[in-house]
Amino acid sequence: MEGNKHFLVGIFNDQDILLKAVKKIRSEGVKIHEVYTPYPVHHLEDALGYSRSRMPVAAFFFGLTGTILAILMQTLMMGVDWPMNIGGKPFVAIPDFVPITFELTVLLAAYGMGFTFFITRGLGPTAVPTIFDIRMTDDKHVMAIDLAENKKSEDEIKQILSDAKAEEAYRKDFTEEEFSPTFGKYLIDVLTNGVTVSSRKLN
Amino acid sequence: MATETHELNLEEKFVFSDKAKKKIFLTLGIGIVLLIIGIILEMSGGGHGEHALNLTQDNLASINSDGTESGGHGHAYSWTTKLFAGMWINNLFFTGLALIGVFWVAVNYVATAGWSVGFKRVPEAFGNFLPIAGVLMLVVFVIANHSLFHWTDTSLYDETSGHFDAIINGKKGFFFMPGAEGVPSIPVFYYGRMIFFFLGWVLFYQFIKKQSHLEDVNGGTKHYRKLVTFSATFLIFFGVSSSISAWDWVMSIDTHWFSTMFGWYVFASWFVSGLAAITLIVVFLKEAGYFSFINENHLHDLGKFVFGFSIFWTYIWFSQFLLIYYANIPEETVYFLERLQSDNYSKFIFINLILNFFFPFLALMTRDAKRKMTFLKIVCTVVLVGHWFDFYLMVAPGTLKEHGGFGFMELGLIMIYGSAFIFVVLSNLAKSKLIPVNHPMLQECVHHHT
Amino acid sequence: MQIVSQVREPLITGGKTYKDVTDDICKPVEAAPSKIWLAALTLSLVLLFAGGYFLGDMLWNGIGRWGLNKTVQWAWDITNFVWWVGIGHAGTLISAILLLFRQKWRTSINRSAEAMTIFAVICAAIWPIVHMGRPWLGAYWVLPLPNAFGSLWPNFNSPLLWDVFAITTYFTVSLLFWFIGLVPDFATLRDRATSKVSRIAYGIVSLGFDGSAKTWMHYESVSLILAGLSTPLVLSVHTIVSFDFATSVIPGWHTTIFPPYFVAGAIFSGFAMVLTLMLITRVVYKLEDYITLEHIEMMNIIILVTGSVVGIAYITEFFIAWYSGVEYEQYAFVNRMSGQYWWAYWSMMTCNVISPQLFYIKKIRTSFVMTFFLSIVVNIGMWFERFVIIVTSLHRDYLPSSWLYFTPTLWDIMCYVFTFGLFFTLFFLFAKVCPVINMAEVKAILKDSNSTVYKGRRTIPNELVPEKDRV
């Protein structure tokens, strides 16, 4: 069993029960590994004690880069490298440069932030998720508690979970390989009709 | 969550305290003093010297343009012009605030917005200023007439007078009477529109207010449904009347000039100022201990509105400017040249953009700023001042020409109008329940969170 | 916990559970293609290939195949371009602006509307490219590359170049927004997949999304910021499209109201197209509980509002043309009404200004048949609007000796048909491989929407309204 992962999985049916449960379980000193929900549950991040997302900061700085790049590009090309008289306007006609500056600001802010999100959350075409319970992308809220991270015994935590109105609470073990599967392993599993951990059976 | 069971007093009533009244009267008093100082300064000092200069310039202008471009014919500048222009700017600005109060209430009913219900009595109280604004608008127009509106000079329509202006003559039908022949006398059509719009707004407002107060007594959803229908009707009326009044009261000052965007430009400026005023009063009432249910989330949304519509105003301003700048047609560029090339006004263009775009944009960008009352107070005040200058820039160059400036008189007038407006709003706010307790969406507002 | 007022209509009817939402929306994706879908796709492909033949012929032989002449140098090509871009505006409006305004009814329609946006922008982008005649020789000129690899740059003062940047940015950002919205739903499909191909395919496109609270937190933040960025972006796109016309000095084109008025028109036509498609999808995919009368009524109200804004803009343009005293401007507008193209002008007025006013009548705006009919009428009207602006202004230029009349050729018509084929082909393919409704977002509002709701109207088919709930 060395290097293996042992979890207790609690299944919740309702977002409001889940929110109360998270607060209650945390207040009893149990460390929650993560909660998986089929849709964003408001204030869950507060209940879990996560600090606010700093994605807006990323967006701001990428946007600022876009603004500066656009202004530099247009002034250098139109004002310095090859000035042209267009409609009798100045070579660097600031009002005319506003639309493109705006567009490039938005473009860089959106894509910069989008990719920051993908990269920091480890999302990508070859990323393979760890599935605690197959219903977590369907209709159930799934709470995973890592037994190695907690001092309390399995039974104690199970009791706390059912006190917090978990619909089900069961133990789930992963091997190291199952817990962080590689894309290659995942492909082979699917192609050889092997069933990846907890996923549905293939036809 | 701890906040789930609110033990809030929703039956609260606003008390217009003597202390607050005293402050308002003090402001009013200072305003009057400043105005008098301003008038005396204008009458005695600098005004006179410029007066003489102005006459010579007028003569030059008329010689140069062969009487077709009659910049300042017949109405020489005097200190009263400055007073009237100042009053007209405030008329426009405060009519806008009052009107946007009603507009905000109507829009929220039609859009079935729940989060703003709790403080809807604040914008609703704005509407009480409409009758006063209407009377002021009419009176100032009657008295000022010529000194503000070049087109009221009937000799412009008289081919024999030497002042005949073919372009303005083409607009005769709009100002005086459609199909008017010969030299007109009284701008009946213009007066008619002014009275009709104010009457319409006041009547719509009275109905909305009455239903809203009946709801407090009777409860049920009957009044709510009536209000939705009535708000929709008001919005149709508003959509047409706000544009036309902008042409009438603002665009016709620069009589030759025209821009199809203008109606929406004035609306955008009105709307941001209205939003800033609503936010400011809500924040002040909250600080005075009212509106216990209002939390950071409500403030956040109000902040978002001020932020978003500041950008919207900039969009409208910039689109109009860019198109005129780009096409470079003299008939149109004159409007911006008059402002940008003038020592008096060019600085205000930049002040306008800084106060109304850059400042609110940068200050309200972060989430935290929108949720803090101190920030909102600063930004909303700046935005209100900024949009006053926006109206100043619309009115002053066309009426005051090279005599424009910002001094005691303008400051005094703002204080007088501002304290009158606040007095009307607060005294009406005290007359009914502060919170519409029977509004079917009130609980949504009380439990609002982002 | 959200408190929902009793006066609100339920957004999702039929007492759906979370499981039902997943099953109902995934079913059309997982099941074998239905006959009606195959028929629709075949029809779209026929349009695509028939139109494609003429488009190819036009590219081979040159744009002389079109009915353009030396006075009317822009006609159907740019009309179609503006029309398609306009249609593309509704998706971003629904997903971004309505998100910021907390209009929860958007959740059932935003996915399809965004998809429509992307396909409409693709259809639009074809026009400026093919109207170059031989795009393979010079399409790269629009990029900020030194011309002929010397040192002359594209003209950054030109609205046409701004358009390139605006449309490109709009397309790519909308694509990102749409894709980010799809990721959680792809994850659902991945976990439900029972065939190898779909398991691997949805596994790749779902990017390993697992729905952890931390990911959702950042995801929500990203969605909000994208909405915030898309809102001015969507305004800027049609604004810049309007600059193509309004920066010039052609009477009828140079008018300052163009930017906001084009945006309103775009939203107007975009919503009409969303309605047309959603009413069909609703029936074919049996989504009556997700796209209810309430949704349709809300969209009709937006059509009514934007239609009225457009109407006010027409009147404003007309009035200011008279008020300005500029005779060319006055002629341009009189010519629109009573000149050779009077029929286009009056079609536009009837379809755009008069027909949406029917939505004041509650019976009409809550009628499926009338909504479907009027949504098509509105789009016909909006096509005529662009045609009127472009062709009527051009065909009477400053030099009377060069006044000409434009008549479309078969190539004009068939190239337009090609874009229809492309649009519908892409839409039907989308509807087969992606969930047409955003499951995650619908689930997020399900609880609020299903709690006791005031049923003033029957949004649930065949369900009797209790006496006490009637208004």
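Just so it is clear, the model here is predicted, and its values are computed rather than measured. (Residues numbered from 1 in each chain as written. Chains lettered and ligands numbered in written order. Predicted model: local features only at pLDDT ≥ 70, side-chain atom pairs only at ≥ 80, totals over all residues. Heavy atoms only, no water.)

Topic: the packing of helix α12 (residues 330–340) of chain B against helix α15 (residues 373–400) of chain B
Residues and elements named next belong to chain B.
- For the pair α12 and α15, the least separation of the axes is 10 Å and the interaxial angle reads 90 degrees. The angle between α12 and α15 falls in the class roughly perpendicular. When α12 is examined against α15, the residues Y335, E338 and R339 are found in contact with a partner set consisting of L393, M394, P397 and G398.
- For the contact of α12 with α15, the per-class residue count stands at 4 nonpolar, 1 polar and 2 charged. (Axes fitted to C-alpha atoms, helices over the stretch in contact; angles between N-to-C directions. Helix = DSSP H or I, 4+ residues; strand = E, 2+ residues; numbered from the N terminus. Parallel < 35°, antiparallel > 145°, perpendicular 65-115°, else oblique. Contact = heavy atoms within 4.5 Å. Nonpolar A, V, L, I, M, F, W, Y, C, P; charged D, E, K, R; others polar.)

Things to note about unusual backbone geometry
- For T112 of chain B, which is not glycine, the phi torsion reads 45 degrees and is therefore positive.
- Mapped onto the elements of the fold, T112 of chain B is located in the loop between α3 (79–110) and α4 (121–126).
- Residue class for T112 of chain B comes out partly exposed when judged on its relative accessible area of 22%.
- Here L207 of chain C, not a glycine, exhibits a phi torsion of approximately 55 degrees, which is positive.
- Residue placement: L207 of chain C occurs in the loop between α8 (196–205) and α9 (213–246).
- The buried category is assigned to L207 of chain C, whose relative accessible area is 7%. (Buried < 20%, exposed > 50% of the residue type's maximum accessible area, 1.4 Å probe, protein only.)

Focus on the nonpolar core
- Ranked by size, the top nonpolar core spans 347 residues in total, and within it W88 and W249 of chain B together with W84 of chain C carry the most contacts.
- Considering every element that reaches this core, the biggest residue donor is α3 of chain B, with 19 residues.
- Not counting residues within four places of it along the chain, the set of residues in contact with W84 of chain C comprises A120, C123, A124, W127, M273, Y416, T419, F420 and F423 of chain C.
- Membership of the second largest hydrophobic core comes to 10 residues, among which are I11, F132, V142 and A144 of chain A. (Core = buried A, V, L, I, M, F, W, Y, C linked by side-chain atoms within 4.5 Å.)

Let's talk about the pairing of strand β1 (residues 5–12) of chain A
Residues and elements named next belong to chain A.
- Counting buried residues in β1 gives 7 out of 8 residues, a clear majority hidden from the surface.
- Pairing between β1 and strand β4 (residues 168–174): 7 bridges, direction antiparallel. Note on β4: the bridge partner recorded for H6 is D173.
- Bridge count for β1 against strand β3 (residues 141–146) is 6 bridges, and the pairing is antiparallel. In the strand pairing of β3, F7 is matched with D146. (Pairing = 2+ DSSP bridges.)

What about the pattern of salt bridges?
- Scanning the entire structure with this criterion turns up 32 salt bridges over all chains.
- A salt bridge links E167 of chain A to K140 of chain A; the shortest N-O distance between them is 3.4 Å. In this pair, E167 of chain A is assigned in the loop between α5 (154–163) and β4 and K140 of chain A in the loop between α4 (94–120) and β3, connecting sequence segments 27 residues apart.
- Judged by relative accessible area, which is 12%, K140 of chain A ranks as buried.
- Across the pair R121 of chain B and D216 of chain B runs a salt bridge whose closest N-O atoms are separated by 2.8 Å. Of this pair, R121 of chain B sits in helix α4 while D216 of chain B sits in helix α8 (residues 188–218); the two residues are 95 residues apart in sequence, bridging distant segments of the chain. The residues R121 of chain B and D216 of chain B share a single accessibility class, namely buried.
- Salt bridges sharing common partners tie together E154, K158, R171 and D173 of chain A. (Salt bridge = Lys/Arg side-chain N within 4 Å of Asp/Glu carboxyl O.)

Comments concerning the environment of F171 of chain C
All names here are of chain C.
- By secondary structure assignment, the location of F171 is in helix α7 (residues 159–192).
- Residues F171 and F119, spaced 52 residues apart in sequence, show a C-alpha to C-alpha distance of 9.3 Å.
- Every residue in contact with F171, bar those within four places of it in the chain, is listed here: I118, V121 and I122.

Considerations on the side chain of D14 of chain A
- Within the secondary structure, D14 of chain A is located in the loop between β1 and α1 (15–27).
- Under the relative-accessibility criterion, D14 of chain A is labelled buried at 19%.
- Among the polar contacts made by the side chain of D14 of chain A, one reaches the main-chain amide nitrogen of D16 of chain A at a distance of 2.7 Å.
- Looking at D14 of chain A, its side chain comes within polar contact range of the main-chain nitrogen of I17 of chain A, at 3.2 Å.
- If we skip the residues at most four places from it in the chain, D14 of chain A touches H141 of chain A together with K447 of chain C. (Polar contact = N/O pair within 3.5 Å; in protein donor to acceptor, adjacent residues only side chain to side chain.)

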